Amino acid sequence: MTKEAILGAIRRGLKRGPLPGDQAAMLRERMAHPPRHLIPARSQVPRPDQIALLVRNIEKEFGTVTRVADSGEVPEAVAGYLAGQNLPSSLVMAPHPELRAIPWSSRPLLLIREGRAEATDLVSLQHGFAAVAETGTLMLPSAPERPTTLNLLADTAVVVLRASRVVGAYEDAWDLLRAENHDALTGGFMPRNVMFVTGPSRSADIEQTLELGAHGPRRLHVVLIEDDPAARAA
Amino acid sequence: MLTTSPEFKTNAHNALADAGLQKALAFSKPQFMARRSAAVANLPEFESLRDIGRDIKNHALANLDFYLETFEDNVQRAGGHVHWCSTADDARAAVLEICRKADARTVTKGKSMISEELGINAHLEANGIAPIETDLGEYIIQLRHETPSHIIAPAFHLNREDWEAQFRLSHTDLPVDRVFAERRDILTEARGKLREKFLAADVGITGANFLIAETGSSVIVTNEGNGDLTQTLPRVHIALASVEKVVPTLEDATSLLRILARSATGQDFSVYTTFSTGGRRAGDLDGPQEYHVVIVDAGRSAMMGTEFQEMLRCIRCAACMNHCPVYGAVGGHAYGWVYPGPMGSVLTPSLIGVDKAGHLPNASTFCGKCESVCPVKIPLPKMMRHWREREFERHLQPGGIRTNLALWAYFARRPGLYRLATRMGAAAMGLMGRRRGRFSSLPLAGGWTAGRDLPAPEGDTFFARYAREQRASPVAERQAK
Ligand code: SF4
């Protein structure tokens, strides 16, 4: 059998048979409690600085950010952003309870459809699960209420993110996922897909010169809800 | 993929005379180097992270059998399928069978070097299935019926004019008088063309930067978003990965990701880093129904336990070729197979045989730059030397090189003579090469320089300079007292 042939060849190279039980148990233990390696110091700063670092990094990667005081201000922020970019005021929104709870009726001209994105959608509105200040990276795990196509298909991707969900390092984001997400199929925490998104899509394939707007969104806009008192102290 | 590695010398000769290629190399290479050094300067922990990266990969390789089996268990738990393939033939057959079962007519593809290595596209085409490359660089390479010339920038050898000309030739349904005023216009046209393909494809094939044993996930890293559209929209997703891609945990992969993008494109993080685990879950509104991982050996297991095992740490960042004077002079196609530059010079003889790729380990000036930038600290020059030694032992070398090596060995065993001889040689070469900093021809070494440039010594030998600097250094003075 091919599998056995490959494993056998690897073991011959390693000059041993299958791992003895105690060693395998140690490796299983390492996976059950994955050790963290060195975390760069840049994100290990007080909360307000962490949020500022996130915003700075998103902007450095050609994304944009609007900070709002509470979810009541989100409709205005979204409508204002779309108008400012001369974009239509219709969008496809993730069917996430937090997004549904936003008082969209305050902006009746926003045309909202819930669901996954289709190729014809120009603007998508996604729910931000968490964000990593270290590099300005959004963590977007798939779920029925957070479809992956919303990260990819529209020309303009808008993400609503709560400041309390901003963490320093990727490892902190994994910890949130490990603690909060339950995958019914595997009994573990990994959903079908976890996307880390850092800025809008781009390519440097033509003469190694960066151009924005490859196959994914041309614009990435984050509406950041200041729901974290510790972070607001800035 | 077919190889022209045995013709390295002729390839290199032609490359040096190719004006378009030389223009592209001169334009692009300095940019890669500058971006990497800026990114590294921005992360004080970078050097420590290289040690960590090396150790993580060493740990994974030392327990490779265990982690591969764990990976398979976890893929199956998530409803996915693992296909074990010893050879390129097995892998091509496995991919074709999955595509046939899915009744596939078209297949979109994310950029994958292992796919190039296995020749997936030709095999699918021969069996009536149309593969469509969706990474911008891979797309134009496919239109031009070429192979990639770089592992992260497949169209490294092309200039803007080449893109325009090819798009006019291939996209005949678009107005002939359209203007490509900026690079962006080229990108926009490709985006429009490929959108339809993404939506129509039955199967999406990607590579994998990492496999995670702990979760049974495959990881891809892209900037364009094409890899994600490829693995999200079609009904079936196939991830191709060679055996050494597996790492134990998400934390391990995360540490490696910190050094990957910085070493590759000089970004702090790529735009899209995506972990795929199984197919669509109950209630999901999108994502593939089926998830397959094709695990390929194709020569890797034979490197385990040899002096080339460390090469399996490679995370395919391309820093070694971006900083290599030989790659910078001849480009990627001269190397004649999938993997160019220093990593290719070590890997290609391992994978296709030293009889075919024996010239590649000679394509080095031994300047050591590749090893000094490699994020997982692979001793590339040492391994190239191993290949040279093996080749020498097998007497595969043409007589001239053998004589020169024997001569070098004679001097090397007699340090006094060696110093004298190299000092004379270096002084003379320094005078001759001063103007350009590189030799494109050398007396008595025509066979060597016909296909390579030798960096001009700065008129001094290492020994002489070392002795002088020791004398000048206060520490040395103190020690001398
Ligand atoms: S050998 Fe090192 S520098 Fe070269 S591609 Fe591999 S990881 Fe990168």
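Residues numbered from 1 in each chain as written. Chains lettered and ligands numbered in written order. Predicted model: local features only at pLDDT ≥ 70, side-chain atom pairs only at ≥ 80, totals over all residues. Heavy atoms only, no water.

*Asks:* Can you walk me through the site of the ligand in this structure?
*Replies:* Every one of the 13 residues lining the ligand counts as a neighbour, but Cys314(B), Cys317(B), Ala318(B), Cys320(B) and Cys374(B) are closest to it. Here the residues of the shell around the ligand are counted per class, giving twelve nonpolar, no polar and one charged. (Near = heavy atom within 4 Å. Nonpolar A, V, L, I, M, F, W, Y, C, P; charged D, E, K, R; others polar.)

*Asks:* Sorry if this is basic, but what is going on with the pairing of strand E12 (residues 219-225) of chain A here?
*Replies:* Side-chain positions along a regular strand alternate between the two faces of the sheet. Residues and elements named next belong to chain A. For E12, the buried fraction is high: six of the seven residues fall into the buried class. In this structure, strand E7 (residues 156-162) lies alongside E12, joined through seven bridges in parallel fashion. Bridging across to E12, Arg162 finds its partner in Ile225. (Buried < 20%, exposed > 50% of the residue type's maximum accessible area, 1.4 Å probe, protein only. Helix = DSSP H or I, 4+ residues; strand = E, 2+ residues; numbered from the N terminus. Pairing = 2+ DSSP bridges.)

*Asks:* Would you take a moment to explain helix H3 (residues 46-62) of chain B for this structure?
*Replies:* In an α-helix, one turn spans 3.6 residues; hence positions three or four apart end up facing the same way. Its 17 residues place the ends of H3(B) 24 Å apart at the C-alpha level, agreeing with the 24 Å of an ideal helix rising 1.5 Å per residue. Within the sequence span of H3(B), burial applies to Phe46(B), Leu49(B), Arg50(B), Ile52(B), Gly53(B), Ile56(B), Lys57(B), Ala60(B) and Leu61(B). Check the buried side of H3(B) and you find it contacts helix H1 (2-14) of chain A together with helix H2 (19-41), helix H4 (64-77), strand E8 (246-247), helix H12 (250-264) and helix H17 (369-373) of chain B. (Expected span 1.5 Å × (residues − 1). Contact = heavy atoms within 4.5 Å.)

*Asks:* Any chance you could explain the sheet that holds strand E10 (residues 290-296) of chain B here in plain terms?
*Replies:* The strands making up a sheet associate through backbone hydrogen bonding, with each pair oriented either parallel or antiparallel. All names here are of chain B. Across the sheet, six strands lie side by side as E1-E10-E7-E4-E2-E3; this open sheet has parallel pairing. Strand pairing shows two members of the sheet lacking a second neighbour, strand E1 (81-85) and strand E3 (130-133), which therefore form its edges. Each strand of the sheet is rotated relative to its neighbour by a mean of 20 degrees, with strand direction disregarded. The pairing of strand E7 (residues 236-242) with E10 spans seven bridges and is parallel. The residue of E10 that forms the bridge with Ile238 is His292. (Axes fitted to C-alpha atoms, helices over the stretch in contact; angles between N-to-C directions.)

*Asks:* Whenever I open this one, the packing of helix H6 (residues 170-180) of chain A against H12(B) confuses me. Can you help?
*Replies:* Between two packed helices, both the angle of their axes relative to each other and the distance between the axes serve to describe the pair. Packing of H6(A) against H12(B) brings their axes to within 10 Å, and their N-to-C directions diverge by 155 degrees. Classified by the angle between their axes, H6(A) and H12(B) sit roughly antiparallel to one another. Crossing hand, H6(A) versus H12(B): right-handed. For the pair H6(A) and H12(B), contact is made by Tyr170(A), Glu171(A), Trp174(A), Asp175(A) and Arg178(A) and by Leu250(B), Glu251(B), Thr254(B) and Arg258(B), respectively. (Parallel < 35°, antiparallel > 145°, perpendicular 65-115°, else oblique. Left-handed = near helix turned anticlockwise from the far one by under 90°.)

*Asks:* In this structure, what is going on with the interface of chain B and chain A? I would like to understand it.
*Replies:* As a measure of interface size, the accessible area lost when the parts come together is often cited. Contact with chain B, which involves 105 residues of that partner, is made by 84 residues of chain A. Overall, the association of chain B and chain A removes approximately 7,800 Å² of surface from exposure, summing both partners, and the carbon and sulfur fraction of that is 57%. For chain B, the biggest contributors to the area lost against chain A are Arg191(B), Glu251(B) and Arg258(B); these three give 10% of the whole. One can count 16 salt bridges joining chain B with chain A. Arg258(B) is the partner of Glu134(A) in a salt bridge, and the nearest nitrogen-oxygen pair spans 2.6 Å. (Buried area = accessible area lost by both parts, 1.4 Å probe. Salt bridge = Lys/Arg side-chain N within 4 Å of Asp/Glu carboxyl O.)

*Asks:* Explain the packing of H1(A) against H4(B) here, please?
*Replies:* Remark: H1(A) packs on H4(B), axes separated minimally by 9 Å, with the N-to-C direction vectors making an angle of 155 degrees. As judged from the angle between their axes, H1(A) and H4(B) are roughly antiparallel. On the side of H1(A), the interface is formed by Lys3(A), Leu7(A), Ile10(A), Arg11(A) and Leu14(A), while H4(B) contributes Leu64(B), Asp65(B), Leu68(B), Glu69(B) and Glu72(B). Of the residues contributing to the contact of H1(A) with H4(B), the split by class is five nonpolar, no polar and five charged.

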